[in-house]
Amino acid sequence: MSALRIDVHAHLWTVDYLDRLERLGKADTGTQRELCADATEADLDHRFALMDRAGIDLQVLSVAPQSPHLPGEPEAVALARAANDSYAELVARFPGRFRAFAALPLPHVDAALHEATRALDDVGAVGVGVTTTVLGRTLADPLFHPVYEELDRRGAVLCIHPSGEGAASPLITEHDMTWMVGAPVEDTVAIMHLILAGLPARYPRMRILASHLGGALPLLPHRLDDHLALESPGPPNSPRWPSAASGTTRSAMCTDRHWPPRPRPSGPVDSCSARTSRTRTTRSSYGP
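Rules used throughout
Residues numbered from 1 in each chain as written. Predicted model: local features only at pLDDT ≥ 70, side-chain atom pairs only at ≥ 80, totals over all residues. Heavy atoms only, no water. Helix = DSSP H or I, 4+ residues; strand = E, 2+ residues; numbered from the N terminus. Buried < 20%, exposed > 50% of the residue type's maximum accessible area, 1.4 Å probe, protein only. Contact = heavy atoms within 4.5 Å. Pairing = 2+ DSSP bridges. Right-handed = clockwise from strand over helix to strand, strands pointing away. 1 Å grid on protein atoms, 1.4 Å probe; cavity = no way out; pocket = protein on both sides within 12 Å on 5 of 7 lines; lining within 4 Å. Points joined across faces, edges and corners; volume = space filled by probe spheres on them. Nonpolar A, V, L, I, M, F, W, Y, C, P; charged D, E, K, R; others polar. Core = buried A, V, L, I, M, F, W, Y, C linked by side-chain atoms within 4.5 Å. Axes fitted to C-alpha atoms, helices over the stretch in contact; angles between N-to-C directions. Parallel < 35°, antiparallel > 145°, perpendicular 65-115°, else oblique. Left-handed = near helix turned anticlockwise from the far one by under 90°. Phe/Tyr/Trp six-rings, centres within 6.5 Å; stacked < 30°, edge-to-face > 60°. Salt bridge = Lys/Arg side-chain N within 4 Å of Asp/Glu carboxyl O.

Draft legend 1. Structural view of the side chain of serine 62. Within the secondary structure, serine 62 is located in strand S2 (residues 58-62). Residue serine 62 is classed as buried on the basis of its relative accessible area, which comes to 7%. Leave out the neighbours within four places in its chain, and serine 62 touches Ala10, His11, Leu12, Tyr87 and Phe101.

Draft legend 2. Region of the structure containing the pairing of strand S3 (residues 98-103). The buried count for S3 comes to six of six residues, which makes it a mostly enclosed element. Bridge count between S2 and S3: three bridges; the pairing is parallel. Bridged to valine 60 within S3 is arginine 99. Of the strand pairs in this sheet, S3 and strand S4 (residues 127-131) are connected by three bridges, and their pairing is parallel. Bridging across to S4, phenylalanine 101 finds its partner in glycine 127. Following the chain from S3 across helix H4 (residues 109-123) to the adjacent parallel S4, one finds a crossover that is right-handed.

Draft legend 3. Representation of the layout of surface pockets in the model. The calculated volume of the second largest pocket comes to roughly 220 Å³. Lining of the second largest pocket is provided by 11 residues; of these, Met192, Arg223, Leu224, His227 and Glu231 occupy positions nearest its centre. Elements represented by at least two residues in the lining of the second largest pocket include exactly helix H7 (182-196) and helix H9 (221-231). If you tally residues by element for the lining of the second largest pocket, the top one is H9, at five residues. Taken together, the residues that form the lining of the second largest pocket break down as six nonpolar, three polar and two charged.

Draft legend 4. A look at the nonpolar core. Tyr148 and Leu194 are the most contacted members of the largest nonpolar core, which totals 33 residues. Elements with a minimum of two residues in this core: H4, S4, helix H5 (145-154), strand S7 (157-161), H7 and strand S8 (207-210). Element by element, the count of residues in this core is highest for H4, at five residues. When residues no more than four places from it in sequence are discounted, the contact partners of leucine 194 are Leu139, Ala140, Tyr148, Ile160, Leu199, Pro200 and Ile208.

Draft legend 5. Inspection of the packing of helix H3 (residues 73-93) against H4 at higher detail. It is at 11 Å that the axes of H3 and H4 come closest, and there the two elements cross at 15°. Judged by the angle between their axes, H3 and H4 are roughly parallel. Crossing handedness for the pair H3 and H4: right-handed. Note on element contacts: H4 touches H3 through Ala111, Glu115, Arg118, Ala119 and Val123, opposite Glu73, Val77, Ala80, Arg81, Asn84, Asp85 and Ala88. The residue makeup of the contact of H3 with H4, split by class, is six nonpolar, one polar and five charged.

Draft legend 6. How the structure looks around the environment of arginine 20. Summarising the element assignment, arginine 20 is placed in helix H1 (residues 15-23). With 59 residues separating them in the primary sequence, arginine 20 and leucine 79 have C-alpha atoms 7.9 Å apart. With sequence-adjacent residues up to four places away left out, arginine 20 is seen in contact with Ala78, Leu79 and Ala82.

Draft legend 7. Representation of the packing of aromatic side chains in the model. Tallying each qualifying case throughout the model produces four aromatic pairs. Joined through ring pairs, the aromatic side chains of Phe48, Phe94 and Phe98 make up one cluster.

Draft legend 8. Geometry of the pattern of salt bridges. By the definition in use, this model includes 11 salt bridges. Notably, a salt bridge pairs aspartate 19 with arginine 33, separated by 2.9 Å at the nearest N-O pair. Of this pair, aspartate 19 sits in helix H1 while arginine 33 sits in the loop between H1 and helix H2 (41-54), placing them 14 residues apart in sequence. Put simply, glutamate 22 and arginine 33 hold a salt bridge, and the shortest N to O gap is 3.8 Å. With glutamate 22 in helix H1 and arginine 33 in the loop between H1 and H2, this residue pair connects regions lying 11 residues apart in the sequence. When its relative accessible area of 42% is taken as the criterion, glutamate 22 is described as partly exposed. Each member of the salt-bridge network shares a partner with another, and the members are Asp121, Glu150, Arg153 and Arg154.

Here is the structure:
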């Protein structure tokens, strides 16, 4: 049996989902609109054609960065459930094409644990997806440790995607670099927060997928190790060698590609068919 080529960085947002987020105060959904990343028949046909062209067998869908991370628990729960049910319907329709990472109603941990259980046990999700921060909280916040404990118990995947906040730096967001520079910065910072808190070692069976090759981490192994004692001696469970800890995450194990593909800057793109396929791919152990 030949290995599947699986794209683990694949987004899909319905207009209804984005509209609901917007009504709840999410002001940046325009970034994810009109990208041919909806569940309409036309968008799905286009997606499958690009997958075939790129040699992608299967995509694992996720809603990040438009995750249902909302202050109100009822709203977050309703949106997470709607997103996961929508993905489950797509997986049922196209089992040879799709799997999904579950959306979680964070920062509401008890509700997130309940939805993770439902999604993983009943809806068929293959892991969970979160953003690099949750309403300003680092992923290393002890508030989220029960989620990691459950994922570790299951040997499940935690897929981490930038939140699109430019690492909370106006030097990024106010200079039009939120995604081209800010995203890999957020990847780098989020994974380092986890490493310095000793979480990959504490939860070794939780498999961490970091987007965009883990940001700058592949370029920094010696620097991380050399500076640890000086800058961040940390608690007893902190890693002696951050470079080794970073290797326990799967920095998406893939090329720096992305779905949906973005239009090239050389001119306007008026239709889905004009877009170039630049799909993020990886070899994965997930079977159909």
